[in-house]
Each structure stands twice: as structure tokens, then as C-alpha cells.
Amino acid sequence: MVRAYIGLGSNMGDPVSQLEQAIGLIQDSPDIQVRTCSSIYRSDPVDYLDQPDFYNMVVELATTLSAEALLRRCQEVEQELKRVRVIRYGPRTMDIDILFYDQLLIQKEDLEVPHPKMKHRSFVVLPLAEIVEDTERFSIPGTNENLCDWVEQMGNPRGILKLDTTFMKREEEKTNVENRKC
């Protein structure tokens, strides 16, 4: 089994319900086990600004799928939740990105892992830091940085709010973004 992290986001319809549905569809996949889910974070849109706020979260998976097969499954879930690609970075019912696949560096035409923009996306870094057990030891493939570095570089970002809504937490969870030591 490989450990992978995916980012989920929605800003159309009922985003919280759609996040929950996406997790259920992913969990129903025979070769994927959902291990941990972050809290949901509401954030201002980026890149294309004329749209509603996004609801985002990060999910830790264990999978026997290859990175390419995991990408295909994520795209199938997007389609099952009626994702339509009209405007790049525009409104969507569901967006699922592979953030990390094990500790591999993957650069293909249709898949780049680690996800190339996540370092500058508080709505990815903060929920990821919430569920990674040791941010100082979580190294970023292809860099000399770790997740703790990214959290520190982010500082106190504006336009993001951690919500109380969660679907699944690690039973022994002892830390969260507010009291994580970096």
C-alpha cells in the first residue's frame, strides 16, 4: 500500500455535502482506503476571482493503485459529482488533485506530483499540516524543504477560515494547525 494525499475543493451547489460525497465515492473504491480527513477550510477563490468561496480539505489515502490509476479514479469521482470544465480555475462542483503519492516525484504530461501550486495555497498547506503527523519530517520530494517550512513561510494567511465540519479524524489526533509546533 502506498500513502497518498489528495486535495478536494468545491464551490458550487452544496460544497460541504459534495466533499462528503466525494470521500464516500473514493472510500467505495476497492483499491483505496481513506485513512484521515482534515477539517474543511473555506477560502477566497484564487486565479479566477469572480466566483463563490471554496470549501477545501485534504485526505490521506492508502492505495494499491498506481499514481496514474489514482488520477483516473479522482477524475471519475469529479465526473460522478457533475464536474464541468468551462473556465480554467473557475467554479466547480468538485476538484480533486493528487498532492503527494508516496514520496515520489512524478512529472508527466497529465500528472505532476507533488502538485506544483500547492506550496502557495493556504487552503492546501494548512489542512495538509493538520493531518500529517510530523511536519518537520514530512519532506517535499524534489526540494530541500519539509512541510513545516511551508507552514512557516505561509505565516498567517488571509482569506481562509477553518470550519468545525469534519468527516473523519484520526482517533489519536493530538494536534491541529493552531497548536502545531514547527
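Structure: see above.
Residues numbered from 1 in each chain as written. Predicted model: local features only at pLDDT ≥ 70, side-chain atom pairs only at ≥ 80, totals over all residues. Heavy atoms only, no water.

> Can you walk me through the pattern of salt bridges in this structure?
Any two side chains of opposite charge can pair if their charged atoms end up close together. Under the counting rule described, the total for this entry stands at nine salt bridges. With its nearest N and O atoms 3.1 Å apart, the salt bridge here joins R73 to E76. Placement of the pair is R73 and E76 together in helix 2 (residues 67-80), with a separation of three residues, close to one helical turn. In this structure, E130 and K162 form a salt bridge, with 3.9 Å as the shortest nitrogen-oxygen distance. Placement of E130 in helix 3 (residues 122-131) and of K162 in strand 8 (residues 160-162) is noted, with a sequence separation of 32 residues between them. Here E130 falls in the buried class, since its relative accessible area comes to 2%. Here K162 falls in the partly exposed class, since its relative accessible area comes to 25%. One network of salt bridges, in which partners are shared, links R3, R35 and E60. (Salt bridge = Lys/Arg side-chain N within 4 Å of Asp/Glu carboxyl O. Helix = DSSP H or I, 4+ residues; strand = E, 2+ residues; numbered from the N terminus. Buried < 20%, exposed > 50% of the residue type's maximum accessible area, 1.4 Å probe, protein only.)

> Would you mind going over a nonpolar patch on the surface with me for this structure?
Together, V84, V86 and I87 make up a nonpolar patch on the protein surface, roughly 290 Å² of accessible area in all. Within the fold, I87 resides in the loop between helix 2 and strand 5 (95-101). (Patch = residues over 30% accessible without salt bridge, like charges linked within 9 Å, V, L, I, M, F, W, Y side chains within 5 Å. Areas by Shrake-Rupley, 256 points an atom, 1.4 Å probe, with all protein chains shown as cover.)

> What exactly am I supposed to notice about the side chain of S43 here?
With respect to the secondary-structure elements, S43 resides in strand 3 (residues 41-43). Within the local environment of S43, its side chain forms a polar contact with the side chain of N56, the two groups lying 3.0 Å apart. (Polar contact = N/O pair within 3.5 Å; in protein donor to acceptor, adjacent residues only side chain to side chain.)

> In this structure, what is going on with the nonpolar core? I would like to understand it.
Within soluble globular proteins, side chains that are nonpolar tend to cluster in buried spots. Grouped together as the largest cluster of nonpolar side chains are 31 residues, with contacts concentrated most on I6, L8, I26, V59, L70 and Y101. Top contributing element to this core by residue count: helix 2, with six residues. Grouped together as the second largest cluster of nonpolar side chains are 21 residues, V58, L99, L126 and V132 included. (Core = buried A, V, L, I, M, F, W, Y, C linked by side-chain atoms within 4.5 Å.)

> Explain helix 1 (residues 15-27) here, please?
In an α-helix, one turn spans 3.6 residues, which is why side chains three or four residues apart end up on the same side. With 13 residues, helix 1 extends 18 Å from end C-alpha to end C-alpha; this agrees with the ideal 18 Å at 1.5 Å per step. Among all positions in helix 1, only P15, Q18, L19, A22, I23 and I26 are buried. Considered in projection along helix 1, the buried side chains sweep an arc of 140° and stay on one side of the axis. Summarising the contacts, the buried residues of helix 1 are in contact with strand 1 (2-10), strand 2 (32-37), strand 4 (54-63), helix 2 and strand 5. (Expected span 1.5 Å × (residues − 1). Arc of directions from axis to C-beta. Contact = heavy atoms within 4.5 Å.)

> How should the layout of surface pockets be read in this particular structure?
If a probe the size of a water molecule is rolled over the atoms, the empty space left behind becomes visible. As a volume, the largest pocket reaches approximately 960 Å³. Within the residue set of the lining of the largest pocket, elements represented by two or more residues are strand 1, strand 4, helix 2, strand 5 and helix 3. With five residues, the single largest contributor to the lining of the largest pocket is strand 5. Taken together, the residues of the lining of the largest pocket break down into 20 nonpolar, seven polar and 14 charged. (1 Å grid on protein atoms, 1.4 Å probe; cavity = no way out; pocket = protein on both sides within 12 Å on 5 of 7 lines; lining within 4 Å. Points joined across faces, edges and corners; volume = space filled by probe spheres on them. Nonpolar A, V, L, I, M, F, W, Y, C, P; charged D, E, K, R; others polar.)

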